[in-house]
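Listed below are the residues making up each chain.
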Amino acid sequence: MAGRLHGVVAMDGPSGTGKSTVSRRLATACGAAYLDTGAMYRALTLAVLRAGVDPTGPDAVAVAVAAELESVTDPAAPAIRLDGEDVEAEIRGPEVTGAVSAVSAQPAVREALVARQRGLIGAAESGGGGIVVEGRDIGSVVVPHAPLKVYLTASEEVRAARRGAQDRKAGRAGDTVTVLADVRRRDRLDSSRKTSPLHAAADAVVLDTDALSVDDVLDALLCFVVERGLVR
Ligand code: DC
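Residues numbered from 1 in each chain as written. Predicted model: local features only at pLDDT ≥ 70, side-chain atom pairs only at ≥ 80, totals over all residues. Heavy atoms only, no water.

## Remarks on the nonpolar core
The test is simple: The criterion is simple. A nonpolar core is a set of buried Ala, Val, Leu, Ile, Met, Phe, Trp, Tyr and Cys residues joined through side-chain atoms within 4.5 Å. Per-residue accessibility, obtained with a 1.4 Å probe over protein chains only, is compared with the maximum for each type, and a residue is labelled buried under 20%, exposed over 50%, and partly exposed between these values. Under the DSSP-based scheme used, a helix requires at least four consecutive residues in state H or I and a strand at least two consecutive residues in state E, with every element numbered from the N terminus. Residue contacts are counted whenever heavy atoms from the two residues lie within 4.5 Å of one another.
Ranked by internal contacts, the top residues of the largest apolar core, which has 35 residues, are Leu 69, Ile 80, Ile 91 and Ile 131. Ranked by the residues each element gives to this core, the list is headed by helix α2 (residues 37-51), at eight residues. If sequence neighbours within four positions are ignored, Ile 80 has contacts with Ala 39, Met 40, Ala 43, Leu 69, Glu 70, Ser 71, Glu 85, Asp 86, Val 87, Glu 88 and Ile 91.

## What to know about the sheet that holds strand β1 (residues 7-12)
The cut-off we apply is this: When DSSP finds at least two bridges between two strands, those strands are taken to pair. As a rule, the C-alpha atoms of each element are fitted with a line to give its axis, helices using only the stretch in contact, and angles between N-to-C directions run from 0 to 180 degrees.
Overall, parallel pairing links the five strands, which are arranged β2-β6-β1-β7-β8 in an open sheet. If you trace the sheet from one side to the other, it starts and ends with β2 (33-36) and β8 (205-208), each paired once. In this sheet, neighbouring strand axes are inclined to one another by 20 degrees on average, regardless of whether the strands run parallel or antiparallel. When strand β7 (residues 148-153) meets β8, the two strands line up parallel, connected through four bridges. Bridged to Thr 153 within β8 is Asp 208.

## Let's talk about the site of the ligand
The cut-off we apply is this: Neighbouring residues are identified by heavy atoms, a residue being near a molecule or strand if any of them is within 4 Å of it. Whenever a nitrogen or oxygen atom comes within 3.5 Å of another N or O atom, the pair is scored as a polar contact, on the condition that within protein one atom can donate a hydrogen and the other can accept it, and that pairs from neighbouring residues in sequence are kept only if both atoms are in side chains. All accessible-area figures derive from a Shrake-Rupley calculation using a 1.4 Å probe, and residue coverage is judged against the displayed protein chains alone. Classification used: nonpolar for Ala, Val, Leu, Ile, Met, Phe, Trp, Tyr, Cys and Pro, charged for Asp, Glu, Lys and Arg, polar for all others including Gly.
As a structural note, the neighbourhood of the ligand is formed by 16 residues, with Arg 42, Arg 110, Asp 137, Arg 186 and Asp 190 the closest of them. Contacts to the ligand include Asp 137, whose side-chain N or O atom sits 2.8 Å from a nitrogen atom. For the ligand, whose accessible area on its own is 450 Å², the fraction buried by protein is 98%. Within the residue set of the shell around the ligand, elements represented by two or more residues are α2, α4 (94-104) and α8 (176-192). Counting residues per element, the shell around the ligand draws most heavily on α2, which supplies four residues. In the shell around the ligand, the residues fall into two nonpolar, five polar and nine charged.

## Observations regarding α2
Note the following rule: Here, expected helix span is obtained from the residue count minus one, scaled by 1.5 Å.
Relative to the 21 Å expected for 15 residues at 1.5 Å per residue, α2 spans 22 Å between its end C-alpha atoms, a close match to the ideal helical length. The N-cap of α2, judged by a side-chain oxygen 3.1 Å from the amide nitrogen of Gly 38 a few residues on, is Asp 36. Gly 52 sits one or two residues past α2 and shows a positive phi near 70 degrees.

## With respect to the pairing of β7
In summary, the side chains of a regular strand alternate between the two faces of the sheet. The element β7 is extensively covered by neighbouring structure, given that six of its six residues are classed as buried. Neither face of β7 is exposed, since Leu 148, Val 150 and Leu 152 on one face and Lys 149, Tyr 151 and Thr 153 on the opposite face are all buried. Bridging between β1 and β7 involves four bridges; their strand directions are parallel. Note that in β7 the partner of Met 11 across the bridge is Val 150.

## A short note on unusual backbone geometry
With phi around 50 degrees, Asp 83 is a residue other than glycine that occupies positive phi space. With respect to the element layout, Asp 83 can be found in the loop between β4 (79-82) and β5 (85-86). The backbone of Ser 196 sits at a positive phi, close to 50 degrees, despite the residue not being glycine. When you line up the elements, Ser 196 lands in the loop between α8 and β8.

What follows is the structure, given as structure tokens:
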């Protein structure tokens, strides 16, 4: 182990930058907890779809806020449960991916989830522990005091290729043209929404991963946490 992480590492950026893979590996390497906030937005979107209500309307907020969500922050076995059911596989499917930007643009949904996220982060930090948190607004909104904020980027084409490979590995259709169109659509929606749009925090380290392997990115992150005195 690289030493034990103390405090929060905020990992932001659009989809397909390798955020989840490197965040989980960083948490494992530093004996820290791991929180995938995108999974939380996805699980609430699944609740909205199951309820059959319009993801852009007020009924979606009512359903999302009432849903019972449980996030397991162990990087060896991260899990998300909706009303007691493990929904990890279902939240990665095309229905949820198609509707998640609409649900996550609703200010009341964000407010409810940010409060939950801060609770989970506080629990991980209590007693001197650490947590790696990935999402879109972690450094800018959820934990503005995080001692390390990283913003991962990559070109649309590289991100679409990675996303497609991930989909195919999970047994879902992952043709490049469709995936690229979806990456573009979600980037546009996530970056243009009024509440907490996707952007790098002013004090984030920006890392372009186009030419970097997962191991390269992990090495860079381990250097950052050591340089900042976050591992002991
Ligand atoms: O990281 P992901 O692709 O699983 O995230 C799914 C969606 O959730 C993404 O399109 C934007 C939204 N999201 C968000 O708005 N804020 C976060 N902190 C995490 C995800």
